[in-house]
Number of protein chains: 2
Amino acid sequence: MLRLSKMADYGTQVMTYMARDLAVHSASEVSAGLGIAAPTVSKILKMLVRKNLVDSVMGAKGGYMLARDPAAISIAEIIDAMDGPISITECSGTTTCERESTCSTRSNWQGINHIIQNALEKVNLAEMISPKPQVMDMSALRSRGILI
Amino acid sequence: MLRLSKMADYGTQVMTYMARDLAVHSASEVSAGLGIAAPTVSKILKMLVRKNLVDSVMGAKGGYMLARDPAAISIAEIIDAMDGPISITECSGTTTCERESTCSTRSNWQGINHIIQNALEKVNLAEMISPKPQVMDMSALRSRGILI
DNA sequence: CATAACTAGGACTAGTTTAGTCCAAGTTAG
DNA sequence: CTAACTTGGACTAAACTAGTCCTAGTTATG
């Protein structure tokens, strides 16, 4: 449950790959480096460009590079770029369902959404590539204010 | 992104409906009460029974009822019953990917998973049906230890 | 004990979404 | 001017999801 789409998964893989070396990478290089089909990587990079997470350099010797410092790019942004807004249930947007008045459940979902969104915003790319996992153990999470 | 499946959404709707009145409800009654197609509700209730979130009473005048106190049923359990284990990325289980050794990303995902799982476990059915949203505002979340 | 009102379980279908491919056009280095 | 790139979008195939339907089993009630 709570599946992250494969695209979002690939998206973070691509981003972490690029975070490890801030130079310009061609789509085919990234593809080879990650073992993901070239057209797919290409597609993902285009999406990331559109969301300003990645800058593109056209022409020969061109390619893609991170638009910002890895520490300034959150996981939430990446997922959002690939899958659209982080929202866990349908009735979160403008769509007003008929039984809205009686639906006390709704605002609770929104609270849950906030929690998750918050958690994902607190993890950035720089942390994802740190060789020794720092985010993993719970005490570290707590000290960083992600968890209770 | 981070979409909750419609089934999981329905699942929580059904559960909150039943939490409001702990008596036995037939599938058709729940269907009418929620405005969800009867076969679908029926299917959902069966899934919930299998996961021991709901008890069934067979025969005439039979139906379904919550297996436990609403306060003892977390949202995480419900979502899990409908969609399977809460996991945000593919390589969370037993499947070992080839580049596991170099994959420092993986453990970070697991940390994120923990955060989300944790958040969903802390919200229970009883809270979902409370008329005035208590979980919604962030300060309340903090005081309850869900958020920083 | 017969019937009506239920649940149990699973097979099945239609629809939507997702992943992935491909092609034509525009840009730039050399 | 050519080779190596990106851009954008159209397109296809496969997977998944939601939803339907059918048969069998269980129990209350008259």
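My aim in this report is to walk through the structure given alongside it, one point at a time. Counting restarts for each chain: residues are numbered from 1 in the order of the written sequence. Lettering for chains starts from A, numbering for ligands starts from 1, and both go in the order in which the items are written. Since the coordinates come from a predicted model, pLDDT governs what is reported: local features require at least 70, and pairs of side-chain atoms require 80 or more to be given and counted, while whole-chain, interface and lining totals use all residues. Hydrogens and water are ignored here; the side-chain numbers use all heavy atoms of the structure.

## A short note on the overall build of chain A
Alright, step 1. The way it works is that DSSP assigns letters per residue, a run of H or I at least four long becomes a helix, a run of E at least two long becomes a strand, and they are numbered from the N terminus. Helix and strand counts for chain A stand at seven helices and two strands.
Alright, step 2. Element order for chain A, N to C, with α for helix and β for strand: α-α-α-β-β-α-α-α-α.
Alright, step 3. Residue exposure (1.4 Å probe, protein chains only): buried if accessible area is under 20% of the type maximum, exposed if over 50%, otherwise partly exposed. Split into buried and exposed, the 148 residues of chain A put 50% on the buried side.
Alright, step 4. We call two residues contacting when some pair of their heavy atoms lies within 4.5 Å. Within chain A, contacts between residues separated by at least 24 positions form 60% of all contacts whose residues are at least 6 apart in sequence.
Alright, step 5. Surface accessibility follows the Shrake-Rupley procedure with a 1.4 Å probe radius. Residue values consider only the protein chains on display as shielding. Roughly 6900 Å² of accessible area belongs to chain A as shown, and the carbon and sulfur atoms make up 55% of that amount.

## Description of the protein's contact with DNA strand D
Alright, step 1. Any residue with a non-hydrogen atom lying within 4 Å of a molecule or strand is treated as near it. If you check the shell around DNA strand D, you find 23 residues, and the closest are K46, S56 and Y64 of chain A together with K6 and K43 of chain B.
Alright, step 2. In DNA strand D, atoms within 4 Å of the protein come 64% from sugar and phosphate.
Alright, step 3. In this structure, a phosphate oxygen belonging to DNA strand D sits 3.0 Å away from a main-chain N or O atom of A27 of chain A.
Alright, step 4. Distance and chemistry together define a polar contact, namely a pair of N or O atoms within 3.5 Å, with one atom able to donate a hydrogen and the other to accept it when in protein, and with adjacent residues in sequence counting only for side-chain atoms on both sides. Interatomic distance of 3.5 Å between a side-chain N/O atom of T40 of chain B and a phosphate oxygen of DNA strand D.
Alright, step 5. Going through the elements one at a time, strand 1 (54-57) and strand 2 (63-66) of chain A together with helix 1 (6-20) and helix 3 (38-50) of chain B are the ones with two or more residues in the surface near DNA strand D.
Alright, step 6. For this classification, Asp, Glu, Lys and Arg are treated as charged, while Ala, Val, Leu, Ile, Met, Phe, Trp, Tyr, Cys and Pro are nonpolar and the rest, including Gly, are polar. A class-by-class count of the residues in the surface near DNA strand D yields 11 nonpolar, eight polar and four charged.

## Topic: the protein's contact with DNA strand C
Alright, step 1. Not every one of the 22 residues close to DNA strand C is listed here, only the nearest: K6 and K43 of chain A together with K46, S56 and Y64 of chain B.
Alright, step 2. Measuring from a phosphate oxygen of DNA strand C, one finds a backbone N or O atom of M7 of chain A at 3.1 Å.
Alright, step 3. Split into classes, the residues belonging to the surface near DNA strand C amount to 11 nonpolar, seven polar and four charged.

## Considering the pairing of strand 2 of chain A
Residues and elements named next belong to chain A.
Alright, step 1. Note: strand 1 against strand 2, four bridges, orientation antiparallel. Counted as the bridge partner of V54 is L66 from strand 2.
Alright, step 2. The pairing criterion is simple: DSSP has to find at least two bridges between the two strands. Connecting strand 1 to the antiparallel partner strand 2 that follows it, the hairpin turn spans five residues, and G59 within it adopts a positive phi of roughly 85°.

## Considering the nonpolar core
Alright, step 1. In terms of nonpolar packing, the biggest core is built from 64 residues, with M15 and L48 of chain A together with M15 and L48 of chain B touching the most fellow members.
Alright, step 2. When residues no more than four places from it in sequence are discounted, the contact partners of M15 of chain B are L48, L53, V54, L66, I73, I78 and L125 of chain B. Take the buried residues of types Ala, Val, Leu, Ile, Met, Phe, Trp, Tyr and Cys, join any two whose side-chain atoms come within 4.5 Å, and each joined set is a nonpolar core.

## With respect to the pattern of salt bridges
Residue and element names in this part refer to chain B.
Alright, step 1. Here a salt bridge means any side-chain nitrogen of Lys or Arg lying within 4 Å of a carboxyl oxygen belonging to Asp or Glu. Taken as a whole and judged by the stated rule, the model has three salt bridges over all chains.
Alright, step 2. Between K51 and D80 there is a salt bridge; the shortest N-O distance is 4.0 Å. One end of the pair, K51, is in the loop between helix 3 and strand 1 (54-57); the other, D80, is in helix 4 (residues 75-83), with 29 residues separating them in the sequence.
Alright, step 3. On the basis of relative accessibility, which here comes to 26%, the residue D80 falls in the partly exposed class.
Alright, step 4. One salt bridge connects R68 with E77, and the closest N-O pair in it is separated by 3.0 Å.
Alright, step 5. Note on R68: relative accessible area 32%, which makes it partly exposed.

## A few points about helix 2 (residues 27-34) of chain A
Since the α-helix advances by 3.6 residues per turn, residues separated by three or four positions end up pointing in the same direction.
All names here are of chain A.
Alright, step 1. Of all the positions in helix 2, only A27, V30, S31 and L34 are classed as buried. In an axial view of helix 2, the angular spread of the buried residues amounts to 100°, which keeps them on one side of the axis.
Alright, step 2. Remark: G35 follows helix 2 within two positions and exhibits a positive phi of approximately 75°. Each direction from the helix axis to a C-beta atom contributes to the arc, which is the arc of those directions.

## Things to note about the packing of helix 1 of chain B against helix 3 of chain B
Residue and element names in this part refer to chain B.
Alright, step 1. Running from amino to carboxyl end, helix 1 crosses helix 3 at an angle of 80°, the nearest separation of the two axes being 10 Å. On the basis of the axis angle, helix 1 is roughly perpendicular to helix 3. Counted together, M7, Y10, G11, V14, M15 and M18 of helix 1 and T40, I44, L45 and L48 of helix 3 form the full contact between these two elements.
Alright, step 2. Of the residues that constitute the contact of helix 1 with helix 3, the class distribution is eight nonpolar, two polar and no charged. Axes, fitted as lines to C-alpha atoms, cover a helix only where it is in contact. Angles between the N-to-C directions of the axes lie from 0 to 180 degrees. Convention used here: angles under 35 degrees read as roughly parallel, angles over 145 as roughly antiparallel, angles from 65 to 115 as roughly perpendicular, and any remaining angle as oblique.

None of this, on its own, says anything about what the molecule does.
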